[in-house]
Every structure is written in C-alpha cells, then in structure tokens.
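# A closer look at the structure
Listed below, chain by chain, are the residues.
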Amino acid sequence: MPKPCYNLSTMAKTRTRYVCQECGSTQPKWMGRCPDCDEWNTLIETIVETAKPGLPSPAERQALVQRNAPQVLTQIEADSHLRTMLPMAEFNRVLGGGLVPGSLVLIGGDPGVGKSTLLLQMSAGLATEGQVLYVSGEESAQQIKLRANRLGISSDQLFILTETNMTAILEHIRQMSPQFLVVDSIQTVYLEELQSAAGSVSQVRECAARFQEVAKGQNIPVFLIGHVTKTGVIAGPRVLEHIVDTVLYLEGDRFHTYRLLRCVKNRFGATNEVGIFEMSDIGLSEVLNPSEVFLAERLPNASGSSIAVTIEGTRPLLVEIQALASTTSFGNPRRTANGVDMNRLLLIIAVLTKRVGIRMADQDVFVNVIGGLQISEPASDLAVAVAIASSFRNTPVAADIALVGEIGLSGELRIVGHLETRLKEAAKLGFKRCLLPGSNQLKQIKSPPLKLLTVRSLTEALEQALI
Ligand code: TYD
Ligand code: MG
C-alpha cells in the first residue's frame, strides 16, 4: 500500500484508490471485475482525498467562502480583448480568435504528424510576448535544438525543460512563472503517488488535472500534446477531452504535405473550425487559399473527377473528388474510400445501382479526395456519385460545374446549409455553374454569383453534369 501523500493546496491527506467507472464504487486494490456492479475492467487508479475528521470550524468555513464569491452576471467583464494572437492566423482561427488566458488546450494527433513541430513554432512566436516554458518528455534538449535550427527558431525567452516528473515540473513552473507553457507530451509525465505507468489513464487524467490547476490558478495558457492511440482517441478513453477547454486534432497523411488542424471542442469559440497547413523542409506554414491549392493539379476534362463544395467549420472549401470504376477480376468487387466515409460510399453505390440503374456489382470502385482531406459532410455525396458515374461511363464532368447536395435513399437530392457561402467560394474560383437540389431556400438568394442548375434526383443530376 503506498504511503499517504498531501495535496499541497489543501493539506488534506491523499491516497490512491481504485474507482469503478461504471458504478463509482471505491476499492482498496485493483481487481479485474468490480465486486459491486460485476463489470469487467472498470477500476481505474485515482487519487482520493481522505476527509478530515469533524466538521470545518467557522474560520475554515469563512476561508472557503472567501476563496470565491458569487458575482453578478452583468458585472463580469468578458475577456475577448485579452486574447493573445499567435503568429499564424490559421491557428488563431481554430482557437476561435486567439489564445484565451488561462486556457488548457489539448493537441492530439498520430505520431509523426507534426505536433511537436507546430508547437515549437508557436512557442517561438509566443516568446515575443513573454517567457515560454517548453517541457519535453519525448526528446532531449539537443534534439529540440536541432529541430529549432532547422526551423530557424532562436529566442532568449524560450526555455526547454526535459523532465517527466510532475512534481518537479510544477516546482519549475512555480519558480519560473512562465507566461506560456507547452507540455510534449501528456503521456510522458507521471505523478509519483500513482503506481501505474506514465501514459496510463489514471496518470494522464491526474496530470492533466494538475495542469488545469496551473492554467486556471496562475492564468497561464497551457498546451498539452496528446498521442492518439490505435483506436483514434487520446489516451484510451476520452478522459482528457472533458478536462481541457479546447481539443484540437492535427490530421493528415505523413506522405502528403497538407495538415489539417481541426477543433472538436472549444469553450471559447466555434467547434469544427479547421486550419490548413503545409509541411515543408522549414516546418509548417499556413495555407491561406486552400481551395485554390487543392484544385491546382486538376485535369479539367478527365473522367471520374468532380468538384465538391464543402464546409469545414465556417469556411467553404472546394475539393476535387476522384473516382475509378473498373471491372473486377474477382467475385467480390472492391470498394476503397480515401477521404470519404466507407459506409457513405457503399450507400452511394447502392443508390447508383438501384435508383439510377448503373450496374456496379461487377465494378471495383476507388474514391479519393485530393490533398489528403477527410470529408465527413453529406453535402459532398452528389460529387462522389457523379465522379463514380463519370468514371463508369468514361464521360467527363463539365469543367465549369461545382456540385453540392446530399443523396437520399430514393435517389432524391436534399438541400444542405450555408448555401450562399458555398456559392460565393465556387464563383471566386472561376466556376460558372453550380448543380444543386431545387428548394425554396434558393429563392432567398437574391443574386446568385453563378448560374444555379437545380435538379431533383441523382438521375437528373447525371444528365446535367456529364458532357
Ligand atoms: P513531429 O513534429 O516530430 O511529429 P509529432 O510530434 O507529431 O510526432 O514531426 C515529425 C515529422 O515532420 C517528421 O516526419 C519530419 C517532418 N518534418 C518536416 O517535414 N519538416 C520540418 O521542418 C520538421 C521539423 C519536421
Ligand atoms: Mg513529438
């Protein structure tokens, strides 16, 4: 049994216990099965504070109340003007317009995607505003220096600390009082009070809670880097996402140059916001005109290629969707989806077969979204279906048409949101016509920036789009 420790802020005695994530019961030791609710693998090591004996004295009660008094809503000042602007506008956009003081930001992503690179670049930018402490448990100071040289970073205000012991890190923060803190990564730091290894759910959760105290107590913005596990969540269960204020994922294929910084939770701004970066020899740089970049290598009259107008966060994006349908040499035709959801692709193929009459049963179908983007919006259904049909019939899609629309199971097309924004972006990139589902919503668009071709079904859409 570990020795009892003391929580320094309250001086209460703390112990580690095993708390069931299902029923909340507390056990003195780890067991495979919770004896109270009989669920398996639900006990997680947790630091619990043992209650002090007796009721708090009047002085203690007074001290508790004085810690934090209720405030009248009208007298609370919003802090929007206090946000710190990071050197890259794309990063500020994802954060909802800059970095909020005292916020805890988690950046997740696959190994090697560029998290450390991005945060080292951000740290260098923040170092112009004040002292930055970059805590690394992954790389040595020399390795970080080599990377900094490669990125052309040099600053007297940027401090590198290679440490993984949480208590030591907290002491460094107390003594140094940096203005910004970066932790690379949360899976490498550990608290001695917990017996489990660094990176386990209990370690990650308790350490993140300590950083939360630092962020809120000392008003320091803290960036935590988190690894995504094989199942695609940070540190196993999504324990961290509840603790932190903002969750960003850096996505992208290591073999492609583009990286997407996607916001999935933000207490200080819109979620689903996306920032687009390009990885080069000198690190990450922001892409300010993503639609143009994604369409740059397009062959205008090739069959199997169409243009979808999607919305990522609040920003419209034009992306090229490529499809290839070829006769299968096996009994079971293959379906490969790169950048679109597999289930969505199967649905679109089924609708093409059943409602449009295109026989896909003996066709291998490959779909690819150019630029390594991952599109989850149903508004790109129409572009995917048209690209597949175009490849199957070996007929190109008209080069000046952009496509928007969700496909229903009867082969009908459904209208999607943010139409004006989408149309403006398509017109800006030189498209003359947009194929979209007919709807009353279109009447609200007084002077469309490009010609609208309205259709009701996928069959009609194919007649209009294919040359
Ligand atoms: P890194 O930031 O170490 O990834 P993470 O912290 O997410 O694991 O990035 C590693 C990759 O980035 C590696 O494959 C090399 C590449 N890279 C560049 O292409 N250009 C650069 O300037 C840097 C620093 C890295
Ligand atoms: Mg790293």
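Right, let's walk through the structure included here. None of these values were measured; they are calculated from a predicted model. (Residues numbered from 1 in each chain as written. Chains lettered and ligands numbered in written order. Predicted model: local features only at pLDDT ≥ 70, side-chain atom pairs only at ≥ 80, totals over all residues. Heavy atoms only, no water.)

## Let's talk about the overall build of the chain
Scanning the chain from N- to C-terminus turns up 12 helices and 22 strands. Taking the principal axes of the C-alpha coordinates as reference, the chain spans close to 80 × 55 × 50 Å. For the chain, with 467 residues in total, the buried portion stands at 48%. Within the chain, counting contacts between residues at least 6 apart in sequence, those at least 24 apart form 66% of the total. Of the accessible surface of the chain, which amounts to about 23,000 Å², a share of 51% is contributed by carbon and sulfur atoms. Between the averaged position of the 45 positive side-chain charges in the chain and that of its 46 negative side-chain charges there is a distance of 4 Å. (Helix = DSSP H or I, 4+ residues; strand = E, 2+ residues; numbered from the N terminus. Buried < 20%, exposed > 50% of the residue type's maximum accessible area, 1.4 Å probe, protein only. Contact = heavy atoms within 4.5 Å. Areas by Shrake-Rupley, 256 points an atom, 1.4 Å probe, with all protein chains shown as cover. Lys, Arg positive; Asp, Glu negative; His and termini not counted. Charge placed at Lys NZ, Arg CZ, Asp CG, Glu CD.)

## Examining the sheet that holds strand S13 (residues 283-286)
Spatially, 9 strands are ordered S7-S6-S8-S9-S5-S10-S11-S12-S13 in an open sheet, and the strand pairing comes out mixed. Bordering the open sheet on either side are strand S7 (158-161) and S13, each of which pairs with just one other strand. When the angles between neighbouring strand axes are averaged without regard to direction, this sheet yields 25°. With 5 bridges joining them, strand S5 (residues 104-109) and strand S10 (residues 246-251) adopt parallel strand pairing. In the sheet register, Val105 faces S10, and the bridge partner there is Thr246. (Pairing = 2+ DSSP bridges. Axes fitted to C-alpha atoms, helices over the stretch in contact; angles between N-to-C directions.)

## A few points about the site of ligand 1
Neighbouring ligand 1 are 16 residues, the closest being Gly112, Ser116, Thr117, Arg147 and Ser280. In this structure, Lys115 approaches ligand 1 through a main-chain N or O atom, which is 2.8 Å from an oxygen atom. At a separation of 2.6 Å, an oxygen atom of ligand 1 approaches a polar side-chain atom of Thr117. For ligand 1, whose free accessible area comes to 560 Å², the fraction covered by protein is 76%. Those elements that provide at least two residues to the shell around ligand 1 are helix H3 (115-126), helix H4 (141-151) and strand S12 (274-280). Residues of the shell around ligand 1, tallied by class, amount to 5 nonpolar, 6 polar and 5 charged. (Near = heavy atom within 4 Å. Polar contact = N/O pair within 3.5 Å; in protein donor to acceptor, adjacent residues only side chain to side chain. Nonpolar A, V, L, I, M, F, W, Y, C, P; charged D, E, K, R; others polar.)

## Remarks on the layout of surface pockets
Here the largest pocket is characterised by a volume of approximately 860 Å³. Taken together, 37 residues make up the lining of the largest pocket; nearest its centre are Glu251, Gly252, Gly372, Leu373 and Gln374. Listing elements by their share of the lining of the largest pocket, those giving two or more residues are S10, strand S11 (258-266), helix H8 (290-295), strand S14 (305-312) and strand S17 (363-369). A per-class count over the lining of the largest pocket returns 15 nonpolar, 14 polar and 8 charged. (1 Å grid on protein atoms, 1.4 Å probe; cavity = no way out; pocket = protein on both sides within 12 Å on 5 of 7 lines; lining within 4 Å. Points joined across faces, edges and corners; volume = space filled by probe spheres on them.)

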